[in-house]
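Remarks on the overall topology
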Amino acid sequence: MAEMKENAVEILTPAQMGQADRLTIESGVDGYQLMESAGQAVATAAIDLLERKTGSGASGMVCILCGPGNNGGDGFVAAQLLEEEGWSVIIGCAVDVEDLKGDAQRAAEEWGDEVYGLSASLWDDSDIIIDALFGAGLDRPITGELADLIDAINESGLPVLSVDLPSGVEGASGLIGGAAVRADQTVTFFRKKPAHVLYPGKALCGRLLVADIGIEDTVLEETGCCAFENAPTLWLGNWPEALKPLEVIQAERLADHKFHRGHCVVLSGDALHSGAARLAARAALRAGAGLVTLAPPADSALAVAAQVTSIMVEPLKDAESLTDIFARRDCDVLVAGPALGVAEAQHVLIRNVLGLDMGVVLDADAITCFADGVASGDFSFEMMKDSPAARSGRLVLTPHEGEFARLFPDLSYRMREEKRLSKLDCALAAAQMCGAVIILKGADTVVASPDGYGVIHSQGVPYLATAGSGDVLAGIVGGLMAQGTPTLDSACAGVWLHSQAGLMLGPGLISEDIIEVLPKVYEALFEDYDANGGDGPDLDAYNGDDDEDDDD
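In this text, all values refer to a predicted model and were calculated from it rather than measured experimentally.

Rules used throughout
Residues numbered from 1 in each chain as written. Predicted model: local features only at pLDDT ≥ 70, side-chain atom pairs only at ≥ 80, totals over all residues. Heavy atoms only, no water. Helix = DSSP H or I, 4+ residues; strand = E, 2+ residues; numbered from the N terminus. Rg over C-alpha atoms; globule rule 2.2 N^0.38 Å. Buried < 20%, exposed > 50% of the residue type's maximum accessible area, 1.4 Å probe, protein only. Contact = heavy atoms within 4.5 Å. Areas by Shrake-Rupley, 256 points an atom, 1.4 Å probe, with all protein chains shown as cover. Expected span 1.5 Å × (residues − 1). Salt bridge = Lys/Arg side-chain N within 4 Å of Asp/Glu carboxyl O. Polar contact = N/O pair within 3.5 Å; in protein donor to acceptor, adjacent residues only side chain to side chain. Pairing = 2+ DSSP bridges.

Scanning the protein from N- to C-terminus turns up 22 helices and 19 strands. Over its C-alpha trace the protein gives a radius of gyration of 26 Å, about what one expects of a compact globule, namely 24 Å for 552 residues. If one aligns the C-alpha atoms of the protein with their principal axes, the spans along those axes are about 80 × 55 × 45 Å. Buried residues in the protein amount to 56% of all 552 residues. Across the protein, the fraction of contacts at a sequence separation of at least 24, relative to all contacts at a separation of at least 6, is 73%. In the structure as shown, the protein presents an accessible area of about 21700 Å², 47% of it carried by carbon and sulfur atoms.

Attention now moves to helix H20 (residues 469-482). When the terminal C-alpha atoms of H20 are compared, their 20 Å separation across 14 residues agrees well with the 20 Å that a helix rising 1.5 Å per residue should span. Of all 14 residues in H20, 14 are buried; the element is thus mostly enclosed. Phi for Gly 484, located one or two positions after H20, is positive at around 95°.

Following the criterion strictly, the structure yields 19 salt bridges and no others. Several salt bridges converge on common partners, so that one network encompasses Glu 401, Arg 416, Lys 423 and Asp 444.

This brings us to the side chain of Thr 24. Following the sequence through the fold, Thr 24 ends up in helix H1 (residues 14-26). Beyond its immediate stretch of four places on either side in the chain, Thr 24 contacts Val 29, Leu 34, Gly 214, Ile 215 and Val 219.

Most peptide bonds take the trans configuration, and most residues that are not glycine carry a negative phi. With an omega of 5°, the peptide bond between Tyr 199 and Pro 200 qualifies as cis. Note that Pro 200 resides in the loop between helix H6 (194-197) and helix H7 (201-205). Positive phi, normally seen in glycine, also occurs at Phe 190, with a value near 75°. With respect to the element layout, Phe 190 can be found in the loop between strand E8 (185-189) and H6. If you check the backbone angles, Ala 364 has positive phi at about 50° while not being a glycine. Its location among the elements puts Ala 364 in helix H14 (residues 364-376). Accessibility expressed as a relative area gives 12% for Ala 364, which makes it buried.

Position of Gln 185 among the secondary structure elements: in strand E8. Judged by its relative accessible area of 0%, Gln 185 is buried. A C-alpha to C-alpha distance of 8.0 Å links Gln 185 and Ala 45, two positions 140 residues apart in sequence. Residues within four places of Gln 185 in sequence aside, it is in contact with Ala 45, Asp 48, Leu 49, Arg 52, Val 160, Leu 161, Ser 162, Cys 205, Gly 206, Arg 207 and Leu 209. For Gln 185, the side chain forms a polar contact with the side chain of Asp 48, separated by 3.4 Å.

All right, on to the environment of Arg 261 then. With respect to the helices, strands and loops of the structure, Arg 261 is situated in the loop between helix H9 (232-235) and strand E11 (263-267). Each C-alpha atom, one on Arg 261 and one on Arg 328, is 17 Å from the other, the two residues being 67 residues apart in sequence. Each residue touching Arg 261, except ones within four places of it in the same chain, is listed here: Ala 242, Gly 288, Ala 289, Gly 290, Ala 482 and Gln 483.

With that settled, the discussion passes to helix H21 (residues 487-505). Side chains that are three or four residues apart share a direction in an α-helix, a result of its 3.6 residues per turn. For H21, with 19 residues, the first-to-last C-alpha span of 27 Å sits near the 27 Å given by 1.5 Å per residue. Two residues or fewer past H21, Gly 506 is found with a positive phi of approximately 80°.

We now examine the pairing of strand E12 (residues 291-295). The two faces of a sheet get side chains in turn, since along a regular strand they alternate between them. Counting buried positions along E12 yields 5 of 5 residues, so the element is predominantly enclosed. Burial along E12 is two-sided: Leu 291, Thr 293 and Ala 295 and Val 292 and Leu 294, pointing in opposite directions, are all buried. Looking at chain direction, E12 and strand E13 (residues 312-313) are connected through 2 bridges and run parallel. Considered in E13, the bridge of Thr 293 is made with Met 312.

Structure follows, in structure tokens:
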């Protein structure tokens, strides 16, 4: 049985995967050996899928649809192995067998049985369809007769296993230009590709398996990767001491007091619009910040103060008084944007925020203010890149798709469709434009840094689609940054914590619940500490989660 990897967080483009194949072959591994291993993984996945669908381990009849390349070769190898296991197999191929090349042709020759042309009638008596037509390297829409065939696959009602990626999904972007297979299960090899973790492609993959086919991890030193999948292995090394179990806190940090844990300030809207800022402030406190202050307009301070207890309140007379507040309060991070407002006064306020020498998290209305300023010529991306926060690597923007489109119209979702760019590509471009870490929220949240480092959080949670959820995320990130956690780690950990809280709470959650369940999320993160003999949590449990997604 092929080994399935669960803890590999690197994500490779199709080109990088091709390079990994080539390097492996150059190292002395026969290319056909890789294809045999891939075919074994496909056969194993097919047996698993049919058993899960029927509840029986009995062999069945399988229809395997093979394409013109190595994906098709994997299908031919799987056919031979399944037949040896007692399955009945029927194969359809997109080209004549004589037109196949290299290892794919060898696999077809070793199959040696009847091969038919592609037709929807092939699976009339089948229990399962294996889609081995096109893999992650596809970069064009599927149209015409092949599109009709794919539509028939999707309407067949049969379980569908896709090899590498559902045919019709572009591996580098996750975009779909024409018809695409909707798989119940997908088996890919060595590492995930962008389309496995980015929508809309991810939604078509079904349950995703990553098979070890004999490519050594050392090839990554030469291929690199385009991004990482968000998991504690990326950032737990910089986890704040205040959020660790007592038995693992560094001895010298046991005497820490609140001033050691940082101070986060959250700008608030007026008395009728302070709820979002209060959510962010309480989230920052739950994220471990030692001190949190709300800064509402002076005429709303009493109304805001009546709604909080452990959070301090500092009236903000005007934009110019920001500097005075921070000089007196010795602050580390400012969160600006939740229900702040988008009038001229807020535009001035955001300009002053960008002049402060501290960590800054811009969310919601702050992003809209800046976008309006860029459109009018009052603000510029150079101004943001030149801010003290950006120059020190402590600037974070947390847009959802709508806010992102206002600030970066050339990188918006519509333009991505037109230019065939991935969400990852666009987030990285935006981060470089403004000099900030970008958290582009959604079911497939992307965290991108100006230095080209990308992280994709593939475990979205639909329950987080509720008012105030994004404000809580901004507060969590600000609270982590206040404690000195590196900016990118704060962003990635914040997204992960937010998602885990949503999973823990389930249907019916409201944004206040996310904040209050965070201590349980911290506990769960480290609950295996004792079981691992003091070596820390079992991180494999948190890597490569393949359940269905969504996010705020």
